[in-house]
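Structural characterization, general
Each chain is listed here by its residues.
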Amino acid sequence: MSSTELRHAIELEDEVRRAIEATDDVAVARQHVRAVVLERNAKRVPDDIEVEVVDAGGVGAEWVVSPLDPERRVVVFVHGGGFTLGSAAESRELTARLARASQARVLALDIRLAPEARFPAPIDDVLAAFRWLVADGADPREIALVGESTGAAAVLAAAVALRDAGEAGPGAVALLSPVLDLRAPDQDLARGAELYRGDAPADDPRVSPVLADLDGLPPLFVQAGTADTAAAAAAELARRAEEAGVVVVHQEWEGMIHRWQTHPHVYDATRAVHQVGDFLLRRIGPGYVPVQPAA
């Protein structure tokens, strides 16, 4: 990333941070951030992207579909936002790029947020949407779970929950700038983490999935920037997953900040999302998913 690109990305993140810090009221902060992000992304979603609002098993969601959309492959996407902020609409520019890169339909979830809904509400929402897809006829092997920032904790915990329940899990899991350890969150995340956890201990593996038993999970993609304070936990997760026998792709992008993938003007954000898409194509695409024999 050039110094100009990096400076601009940091300025945009600071703009969002100021909107959050301007009030102690979470609802007001959401309105401020939503206004900033939606205005910024209004002209960046291509005209050929189709969006349809749906109810995904009781979870608010939207389909984000590119012209490359196949009828079968699905990416379930969970946004970040410190457990208290964010929405599918605010992530639409990113999910549009993800839909094109992965050649899949993206089901972007409007997970429940703290403090109105605390742990494990976001995890339950991911599980409900996944089960809704499967009940509707989707092949679990052709579904990927993708989470960004704090959304990554929800999708990873959901994949573990599906394994523990003995249910068919997704064909792949991808974590973008994941926040996986709430035992000592950084200052920007501390307030949201406390609202999210409630009475649940920070060392509960469902709260801090860096501590989870990773045996038997599907192929895992972990992408973090070296300038991100959450990168150490991402690296720890990748190491533990490899030790558990999980197929892992772990990328550390030099100089990248938290959530750099959300900044489309940054060249390395485009490259990063393309590499996520390539991983998903290799793991849930037609070259990987075995074809069921005819009955």
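In the block above lies the structure referred to throughout.
Before going into details, it helps to say that this report is about the structure given with it. Everything quoted here is computed from the prediction, not taken from an experiment.

Quick notes on the rules
Residues numbered from 1 in each chain as written. Predicted model: local features only at pLDDT ≥ 70, side-chain atom pairs only at ≥ 80, totals over all residues. Heavy atoms only, no water. Helix = DSSP H or I, 4+ residues; strand = E, 2+ residues; numbered from the N terminus. Expected span 1.5 Å × (residues − 1). Buried < 20%, exposed > 50% of the residue type's maximum accessible area, 1.4 Å probe, protein only. Contact = heavy atoms within 4.5 Å. Axes fitted to C-alpha atoms, helices over the stretch in contact; angles between N-to-C directions. Parallel < 35°, antiparallel > 145°, perpendicular 65-115°, else oblique. Left-handed = near helix turned anticlockwise from the far one by under 90°. Nonpolar A, V, L, I, M, F, W, Y, C, P; charged D, E, K, R; others polar. Phe/Tyr/Trp six-rings, centres within 6.5 Å; stacked < 30°, edge-to-face > 60°. Pairing = 2+ DSSP bridges. Right-handed = clockwise from strand over helix to strand, strands pointing away. 1 Å grid on protein atoms, 1.4 Å probe; cavity = no way out; pocket = protein on both sides within 12 Å on 5 of 7 lines; lining within 4 Å. Points joined across faces, edges and corners; volume = space filled by probe spheres on them.

Considerations on helix H5 (residues 150–164)
Side chains three or four residues apart in an α-helix point the same way, a direct result of the helix having 3.6 residues per turn. Taking 1.5 Å per residue, 15 residues should reach 21 Å; H5 reaches 22 Å between its end C-alpha atoms and fits that length. Across the 15 residues of H5, 12 count as buried, placing the element largely inside the fold. Of the residues making up H5, those classed as buried are Thr 150, Gly 151, Ala 152, Ala 153, Ala 154, Val 155, Leu 156, Ala 157, Ala 158, Ala 159, Val 160 and Leu 162. Next to the buried residues of H5 lie strand E3 (74–78), helix H4 (121–135), strand E5 (143–148), strand E6 (172–176), helix H6 (187–197) and helix H7 (231–243). Trailing H5 by a residue or two, Gly 166 shows a phi angle of about 75°, which is positive.

Focus on the packing of H4 against H5
Running from N to C, H4 and H5 cross one another at 60°; their axes reach a closest spacing of 8 Å. Taken together, the axis directions place H4 and H5 in an arrangement best described as oblique. Of the two possible hands of crossing, H4 and H5 adopt the one that is right-handed. Of the residues in H5, those touching H4 at Pro 122, Ile 123, Val 126, Leu 127, Phe 130 and Arg 131 are Ala 154, Val 155, Ala 157, Ala 158, Ala 161 and Leu 162. Class assignment for the residues of the contact of H4 with H5 results in 11 nonpolar, no polar and one charged.

Considerations on the packing of aromatic side chains
Tallied over the entire structure, the rule returns four aromatic pairs. Ring plane angle 5° and centroid distance 4.1 Å describe the contact between Phe 83 and Tyr 196, whose orientation is recorded as stacked. With Phe 83 in the loop between E3 and helix H3 (92–102) and Tyr 196 in helix H6, the pair connects residues that are 113 residues apart, well separated along the chain. Among the residues examined, Tyr 196 registers a relative accessible area of 3% and is labelled buried.

A word on the pairing of E6
Working note: regular strand, side chains alternate between the two faces of the sheet. Within E6, five of the five residues are buried, leaving the element largely enclosed by the surrounding structure. Side chains Ala 172, Ala 174 and Leu 176 of E6 all project onto a buried face; the interleaved residues Val 173 and Leu 175 project onto the opposite face, where all are buried too. Pairing between E5 and E6: five bridges, direction parallel. For Glu 148, the partnering residue across the bridge sits in E6 and is Leu 176. Taken together, E5, H5 and E6 constitute a β-α-β crossover, and its handedness is right-handed. In terms of handedness, the path from E6 via H6 over to strand E7 (residues 220–225) forms a crossover that is right-handed.

What to know about the environment of Ala 172
Turning to its location among the elements, Ala 172 is positioned in strand E6. For the pair Ala 172 and Arg 97, spaced 75 residues apart in sequence, the C-alpha to C-alpha distance is 18 Å. Not counting chain neighbours up to four residues away, the residues in contact with Ala 172 comprise Ile 143, Ala 144, Leu 145, Pro 218, Pro 219, Phe 279, Leu 280, Arg 283 and Ile 284.

Comments concerning empty space enclosed by the protein
This model, assessed by the stated rule, comprises one cavity of 30 Å³ or more. Estimated volume of the largest cavity: approximately 60 Å³. As for the largest cavity, its lining consists of His 79, Gly 80, Gly 81, Gly 82, Phe 83, Thr 84, Leu 85, Ile 111, Leu 113, Pro 122, Thr 150 and Gly 151.

Brief notes about the sheet that holds strand E8 (residues 248–253)
If you walk across this open sheet you meet the eight strands as E1-E2-E4-E3-E5-E6-E7-E8, and the pairing is mixed. Edge positions in the open sheet fall to strand E1 (50–55) and E8, since each of these has one partner strand only. For this sheet the average axis-to-axis angle between neighbouring strands, irrespective of direction, equals 20°. In this sheet, E5 lies alongside E3 in parallel orientation, the contact comprising five bridges. Looking across to E5, one finds that Val 76 is bridged to Leu 145. H3 contacts E1, strand E2 (60–65), E3, strand E4 (105–109) and E5 of the sheet and is inclined by roughly 155° relative to E3. Against the sheet, H7 contacts E6, E7 and E8, and its axis sits at roughly 155° relative to E8.

Note that all results are geometric; they support no functional claim without further evidence.
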